[in-house]
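Analysis of the macromolecular model
So you can see what is in the structure, the chains are spelled out below.
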Amino acid sequence: METGIYRHYKGQEYLVIGKAALEESLAEAVIYQALYGEYTLWIRELAIFKEHLDLPEYPYSGPRFSFRGKWTPEDATKHPKAITPFI
């Protein structure tokens, strides 16, 4: 899992900070942060983060999150509330 900026299929951008293990199941998970609003931190199972969606109601078919690019010093300036990725 590459750290950096990912776009959710609904259009918002998120910063993948790193990986973790869910305590209950030891499943691999992704720690990521919204790059908008309150800059909320999220954790989601890696398999769900990487899954392919077929959503005729939007309509959309593709990845839940798509990689947009590495985190840069310019991104840090644009998003001062964001946590710097560590992996």
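Residues numbered from 1 in each chain as written. Predicted model: local features only at pLDDT ≥ 70, side-chain atom pairs only at ≥ 80, totals over all residues. Heavy atoms only, no water.

Time to look at the environment of Ile-5. Tracing the sequence through the fold places Ile-5 in strand β1 (residues 4-8). The exposure class assigned to Ile-5 is buried, which follows from its relative accessible area of 8%. On a C-alpha basis, the gap between Ile-5 and Leu-15 in space is 4.6 Å, while along the polypeptide they are 10 residues apart. Here Ile-5 is in contact with Glu-13, Tyr-14, Leu-15, Leu-35, Ser-66, Phe-67, Arg-68, Gly-69, Trp-71 and Asp-75, once residues within four sequence places are set aside. (Helix = DSSP H or I, 4+ residues; strand = E, 2+ residues; numbered from the N terminus. Buried < 20%, exposed > 50% of the residue type's maximum accessible area, 1.4 Å probe, protein only. Contact = heavy atoms within 4.5 Å.)

Bringing the side chain of His-79 into the picture now. Position of His-79 relative to the elements: it lies in the segment after α2 (73-78). By relative accessible area, which is 8% here, His-79 ends up buried. Not counting residues within four places of it along the chain, the set of residues in contact with His-79 comprises Leu-35, Tyr-39 and Trp-71.

This brings us to the nonpolar core. Among soluble globular proteins, nonpolar side chains are generally buried collectively. Tyr-6, Tyr-14, Val-16, Val-30, Tyr-32, Ala-34, Leu-46, Phe-49 and Phe-65 together form the largest nonpolar core, which totals 9 residues. Sorting the residues of this core by element identifies β2 (13-21), β3 (28-34) and α1 (46-49) as the ones contributing at least two each. It is β3 that contributes the most residues to this core, 3 residues altogether. Excluding anything up to four places from it in sequence, Tyr-14 contacts Gly-4, Ile-5, Tyr-6, His-8, Tyr-32, Gln-33, Ala-34, Leu-35, Tyr-36, Trp-42 and Phe-65. By size, the runner-up hydrophobic cluster in this structure holds 7 residues, among which are Ile-5, Leu-35, Tyr-39 and Trp-71. (Core = buried A, V, L, I, M, F, W, Y, C linked by side-chain atoms within 4.5 Å.)

Purely geometric stuff here, so don't read any function into it on its own.
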